[in-house]
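Overview (structure and organization)
Here's the letter readout for the chains.
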Amino acid sequence: MSDRLTVLKTYKLYVGGKFPRSESGRVYEVTDAKGKWLANAPLSSRKDARDAVVAARKAFGGWSGATAYNRGQILYRIAEMLEGRRDQFAREVADAEGLSKSKAAAVVDAAIDRWVWYAGWTDKIGQVVGGANPVAGPYFNLSAPEPTGVVAVLAPQESSFLGLVSVLAPVIATGNTAVVIASEKAPLPALSLGEVLATSDVPGGVVNILTGKTAEIAAPLAAHQDVNAIDLTGADADLARDLEIAAADNLKRVLRPQPVDAEAGPAAEWTADPGTRRLTAFLETKTVWHPTGSLGASGSAY
């Protein structure tokens, strides 16, 4: 019988490309589906939320200015890194969501595939939602999508990994930066994802991951004047209503939670074809007018 001591993992936040402890110094116990203690997770404070917004804003210029092709390469690199840590994430998802090993492995595979899906969309979404507009006059009219800015993302509560990836990947694929509040009761897969992001060429600050009480962290993010949009997926009806009211102060874009099919279960939304809805949720459209010159009998003169 081995007399080795178990080396317990100390989970930390992921903010600005670094792994700080919560500014508050607080932690909370994370248990599995049967109530067994798994680890302590940081209990983020309002100060942690503000620090994450500062990091996200600092990273926005470089990330939004990167080529779509480069962003796609980086998202694909995340998938590569996750593939190498597939077994670890399968264990964490199994513990977090009370799944069998085979079902947890299938969830992790689906999450990896989702990163690949969105990696492929980075340099295509502009062609789908942008283009030349028909106009009557001597000018061109061109519309192109641009990222909204800093997006606060409330990750799903019941789908700690696949759901998290499904709401995070489209935000950063389109050039936004994100402040993510992980599932309150199952935050460990999200914190481990931060370790993958840190070694996947994702610039520091593009993704910031906070854990703790969702309502406590979301309130300052919804009211923050430097947050441009908020995804309320992980909020219940009452919290979503309060956050939407707070978000109206600086006209944030708001993505409301979608109703869950009771028969299909809460995981149904994340296993379905993701489509482009979340890709377009946090895009702005810039339209440019350009004169073509006078139109004469011989045709256009530039």
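This is a predicted model, so every value here is computed, not measured.

This next bit is on the sheet that holds strand β3 (residues 131-132). Spatially, the 3 strands line up as an open sheet ordered β3-β4-β10, and their pairing is antiparallel. Of all the strands in the sheet, just β3 and β10 (283-291) have a single pairing partner and so form its edges.

Spatial strand order, β7-β6-β5-β8-β9: 5 strands in an open sheet with parallel pairing. Of all strands in the sheet, those with a lone pairing partner are β7 (207-210) and β9 (253-255), marking the two edges. The sheet shows a mean angle of 15° between the axes of neighbouring strands, direction not considered. When strand β5 (residues 150-154) meets strand β6 (residues 177-181), the two strands line up parallel, connected through 5 bridges. Bridging from a neighbouring strand, valine 153 pairs with valine 180 of β6. Against the sheet, helix α1 (residues 46-65) makes contact with β5, β6 and β7, and its axis sits at roughly 155° relative to β6, the strand it touches most.

What follows covers the confidence of the model for the protein. Of the residues in the protein, 93% reach a pLDDT of 70 or more, and the chain-wide mean stands at 91. Taken together, the stretch residues 261-266 has pLDDT below 50 and engages in 3 contacts with residues farther than four places along the chain or on a different chain.

What follows concerns the packing of helix α3 (residues 86-97) against helix α7 (residues 188-198). Where α3 contacts α7, the two axes come as close as 9 Å, and the packing angle between them is 160°. Put simply, α3 runs roughly antiparallel to α7. When you trace α3 past α7, the crossing you get is left-handed. Mapping the contact onto sequence places Gln88, Phe89, Glu92, Val93 and Ala96 in α3 and Leu188, Pro189, Ser192, Leu193 and Val196 in α7. A class-by-class count of the residues in the contact of α3 with α7 yields 7 nonpolar, 2 polar and 1 charged.

Among the structural elements, threonine 148 can be located in the loop between β4 (139-147) and β5. For threonine 148, the side chain forms a polar contact with the main-chain oxygen of phenylalanine 282, separated by 2.8 Å. Once residues within four sequence positions are removed from consideration, threonine 148 is found in contact with Asn176, Asn228, Ala229, Arg253, Phe282, Leu283 and Glu284.

Turning next to the pattern of salt bridges. Close approach of charged atoms allows side chains with opposite charge to pair. Using the criterion set out here, one finds 14 salt bridges in the structure. In this structure, arginine 86 and aspartate 109 form a salt bridge, with 2.6 Å as the shortest nitrogen-oxygen distance. On the criterion of sequence distance, the pair formed by arginine 86 in helix α3 and aspartate 109 in helix α4 (residues 101-121) is long-range, its members being 23 residues apart. According to the relative accessible area criterion, arginine 86 is partly exposed, its value standing at 25%. For aspartate 109, a relative accessible area of 26% translates into the label partly exposed. With a shortest N-O distance of 3.1 Å, glutamate 158 and lysine 185 are connected by a salt bridge. Of this pair, glutamate 158 sits in the loop between β5 and α6 (162-173) while lysine 185 sits in the loop between β6 and α7; the two residues are 27 residues apart in sequence, bridging distant segments of the chain. Relative accessible area serves as the criterion here: at 48%, lysine 185 is assigned to the partly exposed category. The structure contains a network of salt bridges with shared partners spanning Lys9, Arg85 and Glu195.

What counts as what
Residues numbered from 1 in each chain as written. Predicted model: local features only at pLDDT ≥ 70, side-chain atom pairs only at ≥ 80, totals over all residues. Heavy atoms only, no water. Pairing = 2+ DSSP bridges. Helix = DSSP H or I, 4+ residues; strand = E, 2+ residues; numbered from the N terminus. Axes fitted to C-alpha atoms, helices over the stretch in contact; angles between N-to-C directions. Contact = heavy atoms within 4.5 Å. pLDDT = per-residue confidence, 0-100. Parallel < 35°, antiparallel > 145°, perpendicular 65-115°, else oblique. Left-handed = near helix turned anticlockwise from the far one by under 90°. Nonpolar A, V, L, I, M, F, W, Y, C, P; charged D, E, K, R; others polar. Polar contact = N/O pair within 3.5 Å; in protein donor to acceptor, adjacent residues only side chain to side chain. Salt bridge = Lys/Arg side-chain N within 4 Å of Asp/Glu carboxyl O. Buried < 20%, exposed > 50% of the residue type's maximum accessible area, 1.4 Å probe, protein only.

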